[in-house]
Amino acid sequence: FRRVLFRSTATVSAVPPRKSSSALDAAMSSVSSTLREFGLTKIGGKKGESFDFIVLLQSRQIQDSLIAHFALARAYELPDTAMTLIREELSDRMNVNVEAEGNYTVSIDDADPRRAAEMANYVIQETNNLSARLDKIETEVLYKQYDSKLQATDRQIAELRDTISRYGRTHK
């Protein structure tokens, strides 16, 4: 007898997180170099736009988290040490798309329909967590930049005040 493998597909549709359009958000675009260290890039070219959620959905960090959380090496009958093969198998079973209205869909194929659904939901949950951590890093870097600029401006103001004061004393 030939073994027939059944696969089920679970799909989750998610609305990407939106940042408010504040001056802070517009200024945050200036710290993109920090996030480039994570391999992230902006799309769409709009200033203040958050880093694209699809990059996070497909990131190695999310893949590795799925592999560990769901013991996918065992599920895919691959050795734990063959991470490249496990990632390739997961990539073959996972599909991420951007819908025309802007929603993201994550589809997972798996022999176990419950695990497929749990994995698809887990991808969204972990991606939201990763996005929140990156937003925090971005905000911290921005705060440090503005604090540094404020201190430099304060020093310039003090220097100008001293120069004006000296000028006033010598030209009475």
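Residues numbered from 1 in each chain as written. Predicted model: local features only at pLDDT ≥ 70, side-chain atom pairs only at ≥ 80, totals over all residues. Heavy atoms only, no water.

J.: What is the right way to look at the packing of aromatic side chains in this model?
T.: Here a ring pair, both rings aromatic, is described through the centre-centre distance and the interplanar angle of the planes. All told, the structure shown has two aromatic pairs when counted by the stated rule. Seen from their ring centres, Phe70 and Tyr122 are 5.4 Å apart, and the 90 degrees between their planes marks the pair as edge-to-face. Residue Phe70 is located in the loop between α4 (60-69) and α5 (72-75), and its partner Tyr122 is located in helix α7 (residues 113-170); the two are separated by 52 residues in the primary sequence. For the residue pair Phe70 and Tyr122, the accessibility class agrees, reading buried in each case. (Phe/Tyr/Trp six-rings, centres within 6.5 Å; stacked < 30°, edge-to-face > 60°. Helix = DSSP H or I, 4+ residues; strand = E, 2+ residues; numbered from the N terminus. Buried < 20%, exposed > 50% of the residue type's maximum accessible area, 1.4 Å probe, protein only.)

J.: What exactly am I supposed to notice about the pattern of salt bridges here?
T.: It is possible for side chains bearing opposite charge to pair when their charged atoms get close. Summed over the entire model, instances satisfying the criterion amount to six salt bridges. Between Asp64 and Arg60 there is a salt bridge; the shortest N-O distance is 3.8 Å. One end of the pair is Asp64 and the other is Arg60, both in helix α4 and four residues apart, which spans about a single turn. Residue classification places Asp64 among the partly exposed positions, given a relative accessible area of 24%. The class of Arg60 is exposed, set by a relative accessible area of 53%. Residue Glu89 pairs with Arg93 through a salt bridge whose shortest N-O separation is 2.6 Å. Taken together, the positions of Glu89 and Arg93, both in helix α6 (residues 83-93) and four residues apart, correspond to about one turn of that helix. Looking at Arg93, the relative accessible area reads 12%, which means it is buried. Each of Glu89, Arg93, Asp110 and Arg115 takes part in salt bridges that share partners, so that together they form one network. (Salt bridge = Lys/Arg side-chain N within 4 Å of Asp/Glu carboxyl O.)

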